[in-house]
Amino acid sequence: MDALFQLHHLSYHYQDGGLRVDILKDCEYSFEKGKTYAIIGPSGCGKTTLLSLMGGLEAPCDGYVEYDGENIEKKGFNNYQRYDIALIFQSYNLINYMNAYQNIVCAMDIAHIKEPNKKERALKILGRLGIHEQEAKRDIRKLSGGQQQRIAIARAIAKNAQVILADEPTGNLDYATGQTIIQNFIELAHQDKRIVIVVTHDQGFARQMDVCLKIEDGKLVEV
Amino acid sequence: MWKNAVLSIRKNVGRTILLLGVAFLIINLVMAGLEIRTATKKSMDATRQSLGSDVTLAYNMKALMSNRSKGEALDQFNISIKVSDANELSKLKYVTSVNYLQSVSVDTDDIEPVNMSSTTTTSQSEQLENNQDNKKLGPMDNNNFTVSGQSTMKTLSAFVNKQYVLKSGRLLSESDAHTNNVVISSELASDNNLKVGSTFSVYTSDSSNNKIMITVNVVGIYRVKTVNQIGGMSNRQSPYNTIYSSLETAQKLNGSTTTISSAIYTLDDSSHISAFKKIAKKTSVDWNTYTLDANDQVYQMSIGSLKNMNKFASLFVMIVIVGGGIVMALVLMLALRSRYHEYGILLSLGESKLRIVGQQLIEVGLVVAFAFMLSLGSGQFVGKKISNMLASASSNTPAVTMKIPTNKNNNEQQPQQKTKDLDVSLSGEVIGEVTGVSVLIVVIAILLPSLAILRMSPRKILMKKEG
């Protein structure tokens, strides 16, 4: 088994008034390279919280996330986010004063990617995802949701991160565009040997992933 | 970081213009304040310089008057200065030369004084006669002449300022010490047919009423170019009847070789007057009896309005720095709220919080630098406008035009410095100070919003957006 990314007894709860609400309880799982994962579950079950913990956006109450044999908290969330993972959100989260390729170059700069011509590489990745140079230079706010989501994916690819975490990436997209995005994820995992973990409530999307996981009573189980 | 900062400035035009406007206004005001402060400081220095770098050690008449008993006559006091005290000060730092003066009222049977009641004033100048030689409060005698003894005549301001000019012969110098050589006025010489080489005797009496007589030898004749008639001036007080001698001659006539009337210390620079006074106060000289004066009264009156403007400018600059910093910080904090999402994205990409603050710093720094460049063109204009406003405000206050007596021989009265004459210009010093202030404002303005950035949690920001 080629486990690069593991969850160890991961737990998370919050206080609602005087009441303790447990979201995740002792989650344990190993993610393998070159595979796509879908995490499904009803609204409020803790899918996004799990993604945040895996992405180092916040610390768990118990347990830890391990990347490449190291606790990400000890490694430093900032370093972990910079070099090891890429996050893709439902609302794309692109910087609006930058155009498509500038957003990608910015992410490459942050990740200290050694590339003689970052702009060229950004345009090449965008081209692979169907975003042409004209669109890549246009004001980001004038692009469609599908195009913006593909730019977000291109940004994740450009970072060379081994783990890609996506939160409802097709939530705002029509079926055809959604399918294109799914195909992009599958290619990333199978061809580039990356781990793609997608949180979704779309059963159709989940079925196309290699592994489907479900949060049930705070625990992460394979479906 | 730089690339992102430039992109942000270019794309967020509205915010950039707002920030530029605020920065431009603040820098202009700071620049104006600093220009006025520098100009007033320069004018004060120039005023100080025009009054010379001489400091006079004299008897403290103010203290004497307050210490005397009711009805006590001033001639009962020995208002002389010990030479040993004067010598102590002559060794202090900044002193380049020293001139000791001794004035003594004398009479003579050999020559007639220039009678003041028949002498008319021809000069129209604003000179004020207050001869140092006439300061001596000796017995109120009826003598017609004053012998003014000094170490050297070279530094006497009346001669330096060309109010008195040498007509024939020479002035006295250090080489005339212990000689009975004198220099007299041309009027006194012509009235008595005296020439260079002539001799005559002068006399006075000591405390025991013993006559002290000295025969003096005329070595120089001077002409009084400018002098004003002052009502009630006696023959003895007249510059025409002043006989310049060596210090030793005057001391002999005064009956004491260990005392003098006053000492004038010439300093290397007028800017060292305060420092000189400070170190002089630490010597063993009795400052309850003596005083040091550098035309302080004239100086203070001359710089009155300048001093107020200088204080106002300093306060103004301080207020603008603090106020400007706060306004900039508020503008940036408002801008920051609209950029929370952007910072959340950058944090999720692994950008460090310090680099995000750094980007802010660069953005604001670039805008302020541009505002600074623009202000270089307008700052001088604004400074001039504000200084004119202040000047016209100060000119509404009645100006002091009284004539002020000075310690110096016929020293020219300094008119009150006109604030309209201020040289409000953009000097290197001002540019340097404004640069420093601009950096300070940028740092203040960035500090508060930065605290908010440093406390940010990317999840909270991004999840909020996710809805």
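Going along each chain's sequence as written, the residues are numbered from 1 onward. Naming scheme: in the order in which they are written, chains are lettered from A and ligands are numbered from 1. Totals for whole chains, interfaces and linings use all residues, but because this is a predicted model, local features are given only for residues with pLDDT of at least 70 and pairs of side-chain atoms are given and counted only at 80 or more. No hydrogens and no water enter the side-chain calculation; it runs on all heavy atoms of the structure.

Before going further, it helps to examine the overall build of chain B. Secondary structure elements are defined from DSSP: runs of H or I of at least 4 residues count as helices, runs of E of at least 2 residues count as strands, and each element is numbered from the N terminus. Helix and strand counts for chain B stand at 14 helices and 12 strands. Three exposure classes are used, based on accessible area relative to the maximum for each residue type with a 1.4 Å probe and protein chains only: buried under 20%, partly exposed in between, and exposed over 50%. Among the 467 residues that make up chain B, the fraction classed as buried is 52%. Whether two residues are in contact is decided by their heavy atoms: any pair within 4.5 Å suffices. Within chain B, counting contacts between residues at least 6 apart in sequence, those at least 24 apart form 85% of the total. Values of accessible area rely on a 1.4 Å probe in the Shrake-Rupley scheme; residue burial ignores everything except the protein chains shown. Total accessible area on chain B stands at roughly 22,200 Å², and carbon and sulfur atoms take up 56% of it.

Moving on: the environment of Glu35 of chain B. Its place among the elements puts Glu35 of chain B in helix H2 (residues 13–50). Along the backbone, Glu35 of chain B and Val434 of chain B are 399 residues apart, and their C-alpha atoms lie at a distance of 9.7 Å.

To continue, consider the interface of chain B and chain A. It is common to give the size of an interface as the accessible area lost on bringing the parts into contact. At the interface, 25 residues of chain B touch 27 residues of chain A. Taken over both partners, the interface formed by chain B and chain A buries close to 2,200 Å², and the fraction arising from carbon and sulfur atoms is 57%. Salt bridges are counted wherever a side-chain nitrogen of Lys or Arg sits within 4 Å of a carboxyl oxygen of Asp or Glu. If you look at where chain B meets chain A, you find 1 salt bridge. Salt-bridge contacts for Asp109 of chain A lead to Lys3 of chain B; the nearest nitrogen and oxygen are separated by 3.1 Å. Polar contact criterion, stated in full: a pair of N or O atoms within 3.5 Å, where within protein one must be able to donate a hydrogen and the other to accept it, and residues adjacent in sequence count only if both atoms are side-chain atoms. Our count for the contact surface shared by chain B and chain A stands at 7 residue pairs in polar contact (both at pLDDT 80 or more). Here the quantity called buried area is the accessible surface, traced with a 1.4 Å probe, that two parts lose on coming together, added over both.

All names here are of chain B. Following both chains from N to C, one finds H2 and helix H10 (residues 304–337) inclined at 165°, their axes separated by 8 Å at the closest point. Taken as axis vectors, H2 and H10 run roughly antiparallel relative to one another. Regarding H2 and H10, the two cross each other, and that crossing is left-handed. Residues are sorted three ways: Asp, Glu, Lys and Arg are charged, Ala, Val, Leu, Ile, Met, Phe, Trp, Tyr, Cys and Pro are nonpolar, and all the rest, Gly among them, are polar. When grouped by side-chain class, the residues that make up the contact of H2 with H10 number 22 nonpolar, 6 polar and 4 charged. Helix axes use the C-alpha atoms of the stretch in contact, all axes being lines fitted to C-alpha atoms, and the angles between their N-to-C directions lie in the range 0 to 180 degrees. Oblique is the label for every angle not falling under 35 degrees (roughly parallel), over 145 degrees (roughly antiparallel), or within 65 to 115 degrees (roughly perpendicular). Two helices cross in a left-handed way if the nearer one is turned anticlockwise from the farther one by less than a right angle. They cross in a right-handed way if the turn is clockwise.

Enumeration according to the criterion identifies 17 salt bridges over all chains in this entry. One salt bridge in this structure joins Lys118 of chain A and Asp109 of chain A, with 2.7 Å as the shortest N-O distance. The partner of Lys41 of chain B in a salt bridge is Asp45 of chain B, with the nearest N and O atoms 3.2 Å apart. Of the two residues, Lys41 of chain B and Asp45 of chain B are both situated in helix H2; the distance of 4 residues between them amounts to about one turn of the helix. When its relative accessible area of 37% is taken as the criterion, Asp45 of chain B is described as partly exposed. Here the salt bridges do not stand alone but share partners, grouping Arg15, Arg339, Glu342 and Glu363 of chain B into one network.

Attention now moves to helix H4 (residues 100–110) of chain A. Taking burial as the measure, the 11 residues of H4 of chain A include 10 buried ones, the bulk of the element. Of all the positions in H4 of chain A, only Ala100, Tyr101, Gln102, Asn103, Ile104, Val105, Cys106, Ala107, Met108 and Ile110 of chain A are classed as buried. Of the surrounding secondary structure, the elements contacted by the buried residues of H4 of chain A are helix H3 (77–83), helix H5 (118–128), helix H6 (133–136) and helix H7 (145–158) of chain A together with helix H1 (2–11) and helix H11 (340–348) of chain B. Where H4 of chain A begins, the side chain of Asn99 of chain A points an oxygen toward the backbone nitrogen of Tyr101 of chain A, at a separation of 3.3 Å. Within two residues after H4 of chain A, His112 of chain A carries a phi angle of roughly 55°, on the positive side.

Moving on, we get to the environment of Asp191 of chain B. Tracing the chain through its elements places Asp191 of chain B in helix H6 (residues 186–191). Here the alpha-carbon distance between Asp191 of chain B and Val114 of chain B, two residues 77 residues apart in the chain, equals 7.1 Å.

Attention shifts here to the confidence of the model for chain B. A low pLDDT score tells you not to read the predicted coordinates there in detail. All names here are of chain B. When pLDDT is averaged across chain B, the result is 78; 82% of the residues are at 70 or more. Averaged over each element, pLDDT in chain B is lowest for helix H14 (residues 458–466) (65) and highest for strand E6 (residues 181–185) (94). Between residues 119–140, whose pLDDT stays under 50, and residues either more than four places distant or in other chains, the model counts 66 contacts. Note on residues 397–417: pLDDT under 50 across the span, and 67 contacts to partners over four residues away in sequence or across chains. Model confidence for the complex: the whole-complex pTM is 0.64, and ipTM, which rates the interface, is 0.89. Predictor confidence is given residue by residue as pLDDT, running from a minimum of 0 to a maximum of 100.

All names here are of chain B. Taken together, Met318, Val322, Ile326, Leu330, Met333, Leu354, Leu448, Leu451 and Leu454 make up a surface patch of nonpolar side chains, about 840 Å² in accessible area. Following the sequence through the fold, Leu448 ends up in helix H13 (residues 428–454). Looking at Leu448, the relative accessible area reads 46%, which means it is partly exposed. The patches reported here contain residues having more than 30% relative accessible area and no salt bridge. Joining distances are 9 Å for like charges and 5 Å for nonpolar side chains (Val, Leu, Ile, Met, Phe, Trp, Tyr).

Pairing of aromatic rings covers Phe, Tyr and Trp, the last counted by its six-membered ring, and requires centre-to-centre distances within 6.5 Å; plane angles under 30 degrees mean stacked, over 60 mean edge-to-face, and any other angle means tilted. Enumeration according to the criterion identifies 14 aromatic pairs over all chains in this entry. When the ring of Phe31 of chain A is compared with that of Tyr37 of chain A, the centres are 4.8 Å apart and the planes differ by 80°; the resulting orientation is edge-to-face. Since its relative accessible area comes to 0%, Phe31 of chain A is described here as buried. Here Tyr37 of chain A falls in the buried class, since its relative accessible area comes to 1%. Members of the aromatic cluster, joined through ring pairs, are Phe5, Tyr29, Phe31, Tyr37, Tyr67 and Tyr80 of chain A. Here the guanidinium or amino end of Lys211 of chain B rests over the ring plane of Tyr203 of chain B, the centre of that ring lying 4.0 Å away. In this arrangement the basic side chain of Lys281 of chain B is found over the ring face of Trp287 of chain B, its NZ or CZ atom lying 4.4 Å from the centre. For a Lys NZ or an Arg CZ to count as sitting over a ring, it must be within 6 Å of the ring centre and within 35 degrees of the ring normal.

All names here are of chain B. Put simply, H10 and H13 touch, their axes get as near as 8 Å, and they point 40° apart. The angle between H10 and H13 places the two elements in the oblique class. Here H10 and H13 pass one another in a crossing that is right-handed. Between H10 and H13, the residues in contact are Ile321, Gly324, Gly325, Met328, Ala329, Leu332, Met333 and Leu336 and Val437, Leu440, Ile441, Ile444, Ala445, Ile446, Leu448, Pro449, Ala452 and Ile453, respectively. The class makeup of the residues in the contact of H10 with H13 is 16 nonpolar, 2 polar and no charged.

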